[in-house]
Amino acid sequence: THSADGITFFSTPGPVIALWTSPELAVDAGLTSEADAARSAPGYRAVSLAVNFDTRAEVDAALAEWEAAGGRVTKPAEATEWGGYSGYAADLDGNLWEFAHNPFWPLDEFGRPHLDGGEVE
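As the structure is a computational prediction, the values presented were derived from the model and not from experiment.

**Observations concerning the environment of N52**
By the element assignment, N52 lies in strand β4 (residues 48-52). Residues N52 and P113 lie 61 residues apart in sequence; the distance between their C-alpha atoms is 7.3 Å. For N52, the residues in contact, after removing those within four places along its chain, are A100, L107 and P113.

In structure tokens:
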């Protein structure tokens, strides 16, 4: 478990699970509010899945490919206040996906992030 700025991260044998408050997640995803989320991303259920990449360029390429396939970018990738790089997109059902690069969490050979640079257990 790791906490930072009101977000709690849990390591699992597979993915990392992050818990945010619902309004904070909506704003982070480029939606002005939860009400805006309900209008512009009908699949928004205060949940987002994230895909982590090794570089900023990979984030940009993945978002461009997502958009070319019919998804909608809700927040273009940009440098974050925590030192990473992140953007969001909605799939065809309106579900939100985060595309992120966190230089502080290296990815293992399976693409899983290591919290604080340590092994995910």
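What follows continues from the structure just given.
**Side note on a nonpolar patch on the surface**
A cluster of nonpolar side chains, contributed by F10, I17 and L19, occupies part of the molecular surface with about 250 Å² of accessible area. Mapped onto the secondary structure, F10 falls in strand β2 (residues 7-11). The exposure class assigned to F10 is partly exposed, which follows from its relative accessible area of 31%.

**Observations regarding the nonpolar core**
In this structure, F53, V59, A62, L63, A77, Y85, A89 and F99 together form the largest nonpolar core, which totals 8 residues. Listing elements by their share of this core, those giving two or more residues are α3 (56-68) and β6 (85-90). The contact partners of Y85, leaving out residues within four places of it in the chain, are R56, V59, D60, A77, E78, A79, T80, F99, A100 and H101. One finds L25, Y88, A90 and L96 within the second-largest nonpolar core, a separate group that totals 7 residues.

**Side note on the sheet that holds β4**
The strand order across the open sheet formed by 4 strands is β4-β7-β6-β5, and the pairing between neighbours is mixed. With one partner strand each, in any of the chains shown, β4 and β5 (72-79) form the two edges of the open sheet. Across the sheet, the mean angle separating the axes of adjacent strands is 15 degrees when strand polarity is ignored. Pairing of β4 with strand β7 (residues 96-101) involves 5 bridges; the strand directions are parallel. Each bridged residue has a counterpart across the sheet, and for S48 the counterpart in β7 is L96.

**Notes on the packing of aromatic side chains**
Under the definition given, this model contains 3 aromatic pairs. Where F53 meets F99, the ring centres are 6.3 Å apart and the plane angle is 5 degrees; that geometry is what we call stacked. Separated by 46 residues along the polypeptide, F53 in the loop between β4 and α3 and F99 in strand β7 bring together distant segments of the chain. No difference in accessibility class separates F53 from F99, as the two residues are buried.

**Some thoughts on the pairing of β5**
Both β5 and β6 contribute to a ladder of 5 bridges, which runs antiparallel. Its bridge partner lying in β6, K75 is registered against Y88. What sits between the antiparallel neighbours β5 and β6 is a turn of 5 residues, in which G83 has the positive phi angle 100 degrees.

**Focus: the pattern of salt bridges**
Tallied over the entire structure, the rule returns 1 salt bridge. A salt bridge links E78 to K75; the shortest N-O distance between them is 3.7 Å. Look at E78 and you get partly exposed, because its relative accessible area is 40%.

The rules behind each value
- Residues numbered from 1 in each chain as written.
- Predicted model: local features only at pLDDT ≥ 70, side-chain atom pairs only at ≥ 80, totals over all residues.
- Heavy atoms only, no water.
- Helix = DSSP H or I, 4+ residues; strand = E, 2+ residues; numbered from the N terminus.
- Contact = heavy atoms within 4.5 Å.
- Patch = residues over 30% accessible without salt bridge, like charges linked within 9 Å, V, L, I, M, F, W, Y side chains within 5 Å.
- Areas by Shrake-Rupley, 256 points an atom, 1.4 Å probe, with all protein chains shown as cover.
- Salt bridge = Lys/Arg side-chain N within 4 Å of Asp/Glu carboxyl O.
- Buried < 20%, exposed > 50% of the residue type's maximum accessible area, 1.4 Å probe, protein only.
- Core = buried A, V, L, I, M, F, W, Y, C linked by side-chain atoms within 4.5 Å.
- Pairing = 2+ DSSP bridges.
- Axes fitted to C-alpha atoms, helices over the stretch in contact; angles between N-to-C directions.
- Phe/Tyr/Trp six-rings, centres within 6.5 Å; stacked < 30°, edge-to-face > 60°.

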